[in-house]
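This is what each chain is made of:
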Amino acid sequence: MKKLLIEMLICPACLPDENRLTSKIIKEQDEDIFSGSLTCRRCGKVYPIRNGIAFLDPASLQKGKKTKSKYETAPVLSSYMWSHYGDLLNDSNASSAYTEWADLMYRNSGLALDAGSAAGRFTFEMSKKSDFAIGVDNSLSFIQSARELMINRRMKIDLLQEGVLTKQNTLYLPEAWDSDKVEFIVGDALALPFRSKAFSSLASLNLIDKVPIPIKHLKEMNRVAKEKDAQFLFSDPFSWSKEISNEEDWLGGTDREPYSGRGIKNIMALLKGERKGLLPEWRIEKQGNIWWKIRTHSNHFELIRSCFVKAHR
Ligand SMILES: C[S@@+](CC[C@H](N)C(=O)[O-])C[C@H]1O[C@@H](n2cnc3c(N)ncnc32)[C@H](O)[C@@H]1O
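What counts as what
Residues numbered from 1 in each chain as written. Predicted model: local features only at pLDDT ≥ 70, side-chain atom pairs only at ≥ 80, totals over all residues. Helix = DSSP H or I, 4+ residues; strand = E, 2+ residues; numbered from the N terminus. Rg over C-alpha atoms; globule rule 2.2 N^0.38 Å. Buried ≥ 20, exposed ≤ 12 C-beta atoms within 10 Å, placed from the backbone. Contact = placed C-beta atoms within 7 Å. Pairing = 2+ DSSP bridges. Right-handed = clockwise from strand over helix to strand, strands pointing away. Expected span 1.5 Å × (residues − 1).

Undergrad: Help me out: how do you make sense of the overall build of the protein in this one?
TA: Each helix and strand in the protein was counted, giving six helices and 13 strands. A compact globule built from 313 residues should have a C-alpha radius of gyration of about 20 Å, and the protein, at 19 Å, falls within 12% of that. Here the protein holds 313 residues, and the buried ones make up 41% of them. Counting only contacts in the protein whose residues sit at least 6 apart along the sequence, the fraction spanning at least 24 positions is 62%.

Undergrad: How should the pairing of strand S6 (residues 132-137) be read in this particular structure?
TA: Two faces make up the sheet, and in a regular strand the side chains alternate between them. In terms of burial, S6 is largely enclosed, as five of its six residues are buried. Looking at chain direction, strand S5 (residues 111-115) and S6 are connected through five bridges and run parallel. Within S6, the residue paired with Ala-112 across the bridge is Ala-133. Regarding topology, helix H3 (residues 121-127) serves as the crossover connection from S5 to the parallel S6, and that connection is right-handed.

Undergrad: How should the environment of Asn-51 be read in this particular structure?
TA: For Asn-51, the location among the structural elements is in the loop between strand S3 (46-50) and strand S4 (53-54). The spacing of Asn-51 and Phe-34 is 17 residues in sequence and 5.2 Å in space, taken between C-alpha atoms.

Undergrad: Just to check I follow, could you spell out helix H1 (residues 74-85) for this structure?
TA: Side chains that are three or four residues apart share a direction in an α-helix, a result of its 3.6 residues per turn. In this model, H1 (12 residues) spans 16 Å end to end at C-alpha, consistent with the 16 Å of a helix rising 1.5 Å per residue. Inspection of H1 places Leu-77, Ser-79, Tyr-80, Met-81, Trp-82, Ser-83, His-84 and Tyr-85 among the buried residues, and these make up the whole buried set. In the core, the buried residues of H1 are packed alongside helix H2 (97-103), H3, helix H4 (140-152), strand S7 (154-162), strand S8 (165-172) and strand S12 (283-297).

Undergrad: Whenever I open this one, the sheet that holds strand S1 (residues 21-29) confuses me. Can you help?
TA: Consider a sheet: its strands pair through backbone hydrogen bonds, and that pairing is either parallel or antiparallel. Read across the sheet, four strands follow the order S1-S2-S3-S4 without closing on themselves; strand pairing throughout is antiparallel. The sheet is open, and its two borders are formed by S1 and S4, each paired with just one other strand.

Here it is in structure tokens:
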């Protein structure tokens, strides 16, 4: 983890109190901490840094915890590597979704946050339009892959062909993408390990329907966003599922209050301050849909309509 992150980190387990973390560095190279720890001065929780990866999701510290998430499996990693970087592999079927989302962001000085960053494509896109971009995801295999790309600037990717057959491709990052301007950490989008008002550019892409308490994620994004001169890109297909969250916690797709009706309408009302929760209010710049594509194997693709809202304040 790049050392410059230390001063913006807080203990996610102590939220809503914002307690700083004390760093202990065991091994570092060129301002990058390879091993060490971050300790909360108040609750005493110790967040390890191993192989350059900071583990700032309190759940990741629990030993023998839950079953592995589907995002930690090889086929899903293969799908997302293709979805994020298929265009760099010159695949004619590649998705243009990430460049379309990136076109919605304007250049803004300060820090950028990509919540639920997965393999990191949008974090790299945000780094081109900000001073520094951080990708946060609670999947270790995604964060490992994104960091591997950041450090080595190339990566061998096994793309599933059919059955168990895979084909190896080598992905190269374009020279213009600056590895010094990105970092990836393991963290929870519902308890972000950052101090309030730290970010001037924020993105939450295809994440809200994947978290157990969706409103908590939006409140966290709002907490870490600057109160002025901030932009926020939200996008989601609203594939609500009872396996992930209780229907009463959905922000749409239900007849139940408080968030009955369509998700996009409720998210916009929250952003605009028509519903309490995300103040100071945001102004909606643009709303629309982007077709996002995921590849399962060489003959199977999922086409997903992700509904976006771009806002600023
Ligand atoms: C559907 S994927 C979208 C990934 C990426 N934003 C994109 O649009 O390509 C959802 C991502 O959110 C991550 N995720 C799910 N729950 C999370 C949480 N509570 N905190 C952080 N990341 C989470 C998953 O690991 C996965 O990478």
